Amino acid sequence: MPDASRSSGVLAGDAIICKNACNLKSVHVTCSTGGSDEYILKIFDSKDGTLTGNTELARFVFKGHTGAINVEYDMHGVLAREGLFAQLTLPVPPNAASQCAFSVEFN
């Protein structure tokens, strides 16, 4: 049987991805930043967005790149005991040339 995964779909902000224990397979991110804009994407072992006391599983920082950067981060099925929550810190106000989107694959 194939090792099938579920996906969060493409997201562009904070999101509860899974509300129960699961395996984090991979994270895909595409970002372009204008000027001094910075995007920080963090993936937590959290079922409801509570960050205090929950483990940060992955972090991506994008700053000062022209053109799009595409990243795939293989997490090898790391166990998230609570669930998965993504936090995306956006620049305020964002440069018109900036954007960031991501998807999380899990099972």
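Before any of the text, the structure's been laid out above.
About the criteria used
Residues numbered from 1 in each chain as written. Predicted model: local features only at pLDDT ≥ 70, side-chain atom pairs only at ≥ 80, totals over all residues. Heavy atoms only, no water. Salt bridge = Lys/Arg side-chain N within 4 Å of Asp/Glu carboxyl O. Helix = DSSP H or I, 4+ residues; strand = E, 2+ residues; numbered from the N terminus. Buried < 20%, exposed > 50% of the residue type's maximum accessible area, 1.4 Å probe, protein only.

Examining the pattern of salt bridges
So, step 1. Under the criterion given, the structure shown has two salt bridges.
So, step 2. When the shortest N-O distance is used, the salt bridge between Lys 47 and Glu 82 registers 4.0 Å. Of the two residues, Lys 47 is situated in the loop between strand E4 (38-45) and strand E5 (56-63) and Glu 82 in the loop between strand E6 (69-80) and strand E7 (84-89); the sequence distance between them amounts to 35 residues.
So, step 3. Here Glu 82 falls in the partly exposed class, since its relative accessible area comes to 34%.
So, step 4. Between Arg 59 and Glu 56 there is a salt bridge, and its shortest N-O distance comes to 2.7 Å.
So, step 5. By relative accessible area, Arg 59 is classed as partly exposed at 48%.
So, step 6. Of the residues examined, Glu 56 reaches a relative accessible area of 29% and is grouped as partly exposed.

Purely geometric stuff here, so don't read any function into it on its own.
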